[in-house]
Each structure stands twice: as C-alpha cells, then as structure tokens.
Amino acid sequence: MMERVLRIAAAQMGPVNSGEPRSATVGRMMGLLDQAADEGCTLAVFPELALTTFFPRVYLADLADADGFYEHDMPNADVQPLFDLARRRRIGFSLGYAEITTDDEATHRYNTQILVDPDVGIVAKYRKVHLPGHTDYRPADPFQNLEKYYFEVGNLGFPVVDAFGGRVGMCICNDRRWPETYRMMGLNGVEIIVLGYTTPLHNPRAEQSAELRMFQSRLCMQAGAYQNSTFVVGVAKAGREDGVDLMGGSCIIHPDGRVIAETSGVDDEIAVADCNLDDCLNGKAEEFNFERNRRPELYGGLLAPHRSIR
Ligand code: CDT
C-alpha cells in the first residue's frame, strides 16, 4: 500500500502592523504559499488572525469601531487571490481570521480558522473555544488581552475532517494549552492538527522569561501530539507587532512528540517537513490504543464543573 506522505509548510508570518493594507498582507501570504509550493508542499498553515494586527491588545469602547478587523465573507475580494493561487499551485492552506456573521439575525464574532482544499475551497471551519484574557479594560496593563470582549466562544466543537489523505483538525493559539482540545480530536482519529498562534513573549500577568514561555508553548503541543499520536503544526505570527513582541518558534511535531521542523527567526518564513501519516498508526494501535487503555468510566468528573480553589 502507498504511504501517506504529506509535505507540510508551517508558514510563519512576521508582524502585521496596524495600517498594513489587507492586500499587502495577502501578498506576503501569497509569497509564502509560492515558496511552499516550490518546495513541493501540499498544505501550508498560516497563523491566528493572519490578516490583521492582533487587535484584542487594544480596547475600543464601541465594538462597532472594530468592525474593520473582521471578515464578513470568506473568501472575500481581498483574500480571493490567495485562494486562486492555491488552486493554480495545487496547494491547500489553513488560515486564521476574525469572523463576523449575522446568523439568527444577531451579530456574532468569532476567532476562526479554516482549512482550504485547492479544488474544493473551504472544507472545514473551526471557531476558537478557549478564549484567553478578559472582557474589561485594564488600563494599568502594558497591553490588553481582550479576546473575551471581541469574540464569542466557538460553537462548532472540534471538527475533524477527511482531507489531504488523512484526518485533519484545527485549533487556535490558547486552545493548544488545554489537553481537552487534543483529546477531543484524538477521539475522532485526528492525524494532523493545524493551529495558529499569537503569543506575547511577556505575559503582563505572570513573571516568566521568554525562554520559559517558549518552553511552555512547545511542551503542550508536543504532549498533545504524543498523547494522541498525531502530527501537530503550530504556526506563529511573530516579531514586534504594534510595539508588542510576539514569540516565533513555529514548528511541526511528529506523533512521537519530536519537533521535526522549525523556523529560525521572527519574520515571514516557512519550515517544511514530510509527514508520513502512517506514523500515527502505531501509537493509536499500541501505547495510546484508546479502546484498550482509556478508562472513560472513571473520567466522569471531567464533565463536572471544576472545584474552586479559593
Ligand atoms: N492568542 C492567544 O490565545 N494568546 C494567548 C496569550 C496568553 S498570555 C497573554 C496564548 O495562550 O498564547
């Protein structure tokens, strides 16, 4: 039987500063997609909120003033050239953006990621579940983390779809720190988890070095990959964006937990790896054989509300 080898690019982006036109940002992404296609990749993964600056770091008292950061349609005129290039170059991609919809006659805002097949178009959509930060303006902090203000909790679960010859799922940034994210997809046979992140090098609410922050980012993605026998592709928006330093460290992680490709800087750059999806099979059949070794009858507490510690 043919091996299922997929060459994947982690398409890291440098900063997208306020005022950079969408067309320029999409142009940069097209450059990365071209590079990935030149290297024989069939899937390129872009960061969270790839099309704009990470606007939740700024408080706008009137939500309507943030409308320009959200996409009303996908694809839209600004992003269509990326979809067209993907079809021409025969390469799929995953992309994060801020989504605004008027489902049920109410306005909803989500932090969203899509998976795009070059021929079919959008084959899966995910809306971020674990929104970090706060809803209230905190003027004493050097920058805000207002994701809970700008977005609703995603309502699409953790979809896993058949695409690119394997089982593909998505999550976004803070989701990567929660074991439930990976396990929800693991239970659905996921073989590649693609995720974008935007992580400040310094957390105003915790005294942690940049090295420790990077270690924690890798720790959770590597554990998620190993414990669920899946590839994980984690992709940063990096560098100094609107005065805030964002971590790089985009990487591709093997189901055995090893980092097999990584970026070296904090600007636009791809890291490429050949991902043999059959490498997921042994872990799923043996060490992490869920049917044989999980004990769901003893995990009921996971569904109960947590106990408050204070
Ligand atoms: N975008 C996002 O989810 N960022 C969070 C930052 C938390 S620390 C300020 C993350 O988990 O990386």
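K.L.:
Would you explain the overall build of the protein chain in this entry?
P.N.:
Scanning the protein chain from terminus to terminus reveals 7 helices and 14 strands. A compact globule built from 310 residues should have a C-alpha radius of gyration of about 19 Å, and the protein chain, at 19 Å, falls within 12% of that. Taking the principal axes of its C-alpha atoms as reference, the protein chain extends roughly 55 × 55 × 45 Å. Here the protein chain holds 310 residues, and the buried ones make up 52% of them. Considering only contacts within the protein chain whose residues lie at least 6 apart along the sequence, 70% involve residues at least 24 apart. Taken as a whole, the protein chain presents about 14100 Å² of accessible surface, with 52% of it coming from carbon and sulfur. Distance from the positive charge centre (31 side chains) to the negative charge centre (44 side chains) of the protein chain: 4 Å.

K.L.:
When you look at the packing of aromatic side chains in this model, what are you seeing that I'm missing?
P.N.:
For any pair of aromatic rings, the description consists of the separation of the ring centres together with the inter-plane angle of the planes. One pass over the full model with this rule turns up 12 aromatic pairs. Relative to Tyr70, the ring of Phe55 has its centre 5.4 Å away and its plane inclined at 65°; by these criteria the two rings are edge-to-face. Highlighted residues: Phe55 in the loop between strand E2 (43–45) and helix H2 (80–89) and Tyr70 in the loop between E2 and H2, separated in sequence by 15 residues. Taken individually, Phe55 and Tyr70 each receive the classification buried, so the pair is uniform in this respect. Centroid distance Phe55 to Tyr150: 5.2 Å. Interplanar angle 80°. Geometry classified as edge-to-face. Taken together, the positions of Phe55 in the loop between E2 and H2 and Tyr150 in helix H3 (residues 147–150) put the pair 95 residues apart, joining distant regions of the chain. Like Tyr150, Phe55 is buried. The positively charged end of Arg127 is found above the aromatic ring belonging to Tyr110, 4.1 Å away from the centroid. Note that Arg294 overlies the ring of Phe290, its terminal NZ or CZ placed 5.8 Å from the centroid.

K.L.:
What am I meant to see in the site of the ligand here?
P.N.:
If you check the shell around the ligand, you find 15 residues, and the closest are Lys128, Cys173, Asn174, Arg177 and Thr199. Here Glu147 contributes a side-chain N or O atom positioned 3.0 Å from a nitrogen atom of the ligand. Within the contact set of the ligand, an oxygen atom lies 2.6 Å away from a side-chain nitrogen or oxygen of Arg177. Here the shell around the ligand is built from residues that sort into 4 nonpolar, 5 polar and 6 charged.

K.L.:
Would you take a moment to explain a nonpolar patch on the surface for this structure?
P.N.:
Among the surface-exposed residues, Leu298, Tyr299, Leu302 and Leu303 lie close enough to one another that they form a single nonpolar patch of about 510 Å² accessible area. Tracing the backbone through its elements, the reader meets Leu302 in the segment after helix H7 (290–293). Residue class for Leu302 comes out exposed when judged on its relative accessible area of 64%.

K.L.:
What's the story with the environment of His254 in this structure? I'm lost.
P.N.:
Inspection of the secondary structure puts His254 in the loop between strand E12 (251–253) and strand E13 (259–262). Linking His254 and Tyr226, residues 28 residues apart in sequence, is a C-alpha distance of 7.7 Å. Contacts of His254, omitting those with residues within four sequence positions, involve Ala225, Thr230, Phe231, Ile260 and Asp279.

K.L.:
Would you mind showing me how to read the nonpolar core here?
P.N.:
In summary, soluble globular proteins display a tendency toward joint burial of nonpolar side chains. Core analysis: the largest hydrophobic core is formed by 44 residues, its most contacted members being Ile8, Leu115, Ile192 and Val233. Aside from chain neighbours lying at most four places away, what touches Val233 is Ile8, Ala10, Val45, Ile192, Ile193, Val194, Leu195, Cys251 and Ile252. In this structure, Val26, Ala37, Cys41 and Ala86 belong to the second largest nonpolar core, which totals 28 residues.

K.L.:
Could you clarify how one ought to interpret the packing of helix H4 (residues 179–186) against helix H5 (residues 210–228) in this entry?
P.N.:
Two packed helices can be described by the angle between their axes and the distance between those axes. Where H4 contacts H5, the two axes come as close as 10 Å, and the packing angle between them is 25°. Put simply, H4 runs roughly parallel to H5. Crossing of H4 over H5 shows right-handed handedness. Contacts between H4 and H5 pair Tyr182, Arg183 and Gly186 from the former with Cys220, Met221, Gly224, Gln227 and Asn228 from the latter. Among the residues making up the contact of H4 with H5, the classes are represented as 3 nonpolar, 4 polar and 1 charged.

K.L.:
Mind showing me how you'd approach helix H1 (residues 22–38) here?
P.N.:
End to end, H1 covers 24 Å across 17 residues, agreeing with the expected 24 Å (1.5 Å per residue, within 8%). Where H1 is buried, its residues touch strand E1 (5–12), E2, H2, strand E3 (92–101) and strand E14 (269–276). Remark: Gly40 follows H1 within two positions and exhibits a positive phi of approximately 85°.

K.L.:
Explanation requested: unusual backbone geometry in the structure shown.
P.N.:
Backbone phi values are negative for most residues with the exception of glycine, while trans is the configuration of most peptide bonds. The residue after Met74, namely Pro75, is reached through a cis peptide bond having omega -5°. Note that Pro75 resides in the loop between E2 and H2. At Asp104, a residue that is not glycine, the phi angle is positive and equals roughly 55°. Locating Asp104 in the fold gives a position in the loop between E3 and strand E4 (108–117).

K.L.:
Could you clarify how one ought to interpret the pattern of salt bridges in this entry?
P.N.:
Should their charged atoms come close, side chains of opposite charge can pair. One pass over the structure, following the stated rule, counts 25 salt bridges. Among the salt bridges present, the one from Arg57 reaches Glu241, with a minimum N-O distance of 2.7 Å. Placement of the pair is Arg57 in the loop between E2 and H2 and Glu241 in strand E10 (residues 239–241), with a sequence separation of 184 residues. Glu241 carries the same exposure label as Arg57, and that label is buried.

Basis of the calculations
- Residues numbered from 1 in each chain as written.
- Predicted model: local features only at pLDDT ≥ 70, side-chain atom pairs only at ≥ 80, totals over all residues.
- Heavy atoms only, no water.
- Helix = DSSP H or I, 4+ residues; strand = E, 2+ residues; numbered from the N terminus.
- Rg over C-alpha atoms; globule rule 2.2 N^0.38 Å.
- Buried < 20%, exposed > 50% of the residue type's maximum accessible area, 1.4 Å probe, protein only.
- Contact = heavy atoms within 4.5 Å.
- Areas by Shrake-Rupley, 256 points an atom, 1.4 Å probe, with all protein chains shown as cover.
- Lys, Arg positive; Asp, Glu negative; His and termini not counted.
- Charge placed at Lys NZ, Arg CZ, Asp CG, Glu CD.
- Phe/Tyr/Trp six-rings, centres within 6.5 Å; stacked < 30°, edge-to-face > 60°.
- Lys NZ or Arg CZ within 6 Å of the ring centre and 35° of its normal.
- Near = heavy atom within 4 Å.
- Polar contact = N/O pair within 3.5 Å; in protein donor to acceptor, adjacent residues only side chain to side chain.
- Nonpolar A, V, L, I, M, F, W, Y, C, P; charged D, E, K, R; others polar.
- Patch = residues over 30% accessible without salt bridge, like charges linked within 9 Å, V, L, I, M, F, W, Y side chains within 5 Å.
- Salt bridge = Lys/Arg side-chain N within 4 Å of Asp/Glu carboxyl O.
- Core = buried A, V, L, I, M, F, W, Y, C linked by side-chain atoms within 4.5 Å.
- Axes fitted to C-alpha atoms, helices over the stretch in contact; angles between N-to-C directions.
- Parallel < 35°, antiparallel > 145°, perpendicular 65-115°, else oblique.
- Left-handed = near helix turned anticlockwise from the far one by under 90°.
- Expected span 1.5 Å × (residues − 1).

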